Amino acid sequence: QVQLVESGGGLVQPGGSLRLSCAASGSIFRVDTMGWYRQAPGKEREWVANIKWSDGSTRYSDSVKGRFTVSRDNAKKTEYLQMNSLKPEDTAVYYCNLRRGGFDNANYWGQGTQVTVSA
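Residues numbered from 1 in each chain as written. Predicted model: local features only at pLDDT ≥ 70, side-chain atom pairs only at ≥ 80, totals over all residues. Heavy atoms only, no water.

## Describing the nonpolar core
Then step 1. The biggest cluster of nonpolar side chains holds 30 residues, and the ones touching the most others in it are Leu4, Met34, Trp36, Leu81, Met83, Tyr94 and Leu98.
Then step 2. For this core, the secondary-structure elements that each account for two or more residues are β1 (2-7), β3 (18-26), β4 (31-39), β5 (46-52), β7 (68-73), β8 (78-83), β9 (92-100) and β11 (113-117).
Then step 3. With residues up to four places along the chain from it excluded, the contact list for tyrosine 94 reads Glu6, Leu20, Trp36, Tyr37, Arg38, Val48, Phe68, Leu81, Met83, Gly112, Thr113 and Val115. (Core = buried A, V, L, I, M, F, W, Y, C linked by side-chain atoms within 4.5 Å. Buried < 20%, exposed > 50% of the residue type's maximum accessible area, 1.4 Å probe, protein only. Helix = DSSP H or I, 4+ residues; strand = E, 2+ residues; numbered from the N terminus. Contact = heavy atoms within 4.5 Å.)

## Focus: the pattern of salt bridges
Then step 1. All told, the structure shown has seven salt bridges when counted by the stated rule.
Then step 2. Salt-bridge contacts for aspartate 32 lead to lysine 52; the nearest nitrogen and oxygen are separated by 2.5 Å. Taken together, the residues aspartate 32 in strand β4 and lysine 52 in strand β5 connect sequence positions 20 residues apart.
Then step 3. A relative accessible area of 31% places lysine 52 in the partly exposed class. (Salt bridge = Lys/Arg side-chain N within 4 Å of Asp/Glu carboxyl O.)

## As for the state of the cysteines
Then step 1. Within the structure shown, the criterion is met by one disulfide.
Then step 2. Between cysteine 22 and cysteine 96 runs a disulfide, and the two sulfur atoms are separated by 2.0 Å. Looking along the S-S bond of the cysteine 22-cysteine 96 disulfide, the torsion reads about -80°, which is the left-handed sense. Of this pair, cysteine 22 sits in strand β3 while cysteine 96 sits in strand β9; the two residues are 74 residues apart in sequence, bridging distant segments of the chain. The same class applies to cysteine 22 as to cysteine 96, namely buried. (Disulfide = S-S within 2.5 Å.)

Here it is, written out as structure tokens:
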């Protein structure tokens, strides 16, 4: 009932920048947070960042803090991840996540977008 579509991934050189977008559609209500996760081959899915929909407060993993910025556009129901100073270890499939508040605490996921950081 919720659809999340990521875009903006691609190939970038170390030190470069990318901006990922996640557009939400469908039954969008009672959103607690939207966030980003990533998964590299052979590794566990890792939480990257999230944003509280109500007030825009943000949190980041230690590995991306100071380099990545998560933001949202309430009107467009879109979440963004601005990634600067990219490193090869940032290479992963990045997934958008939406979490509902309230009793169900349902989670929804996008299909993922590939980010490759390589010279």
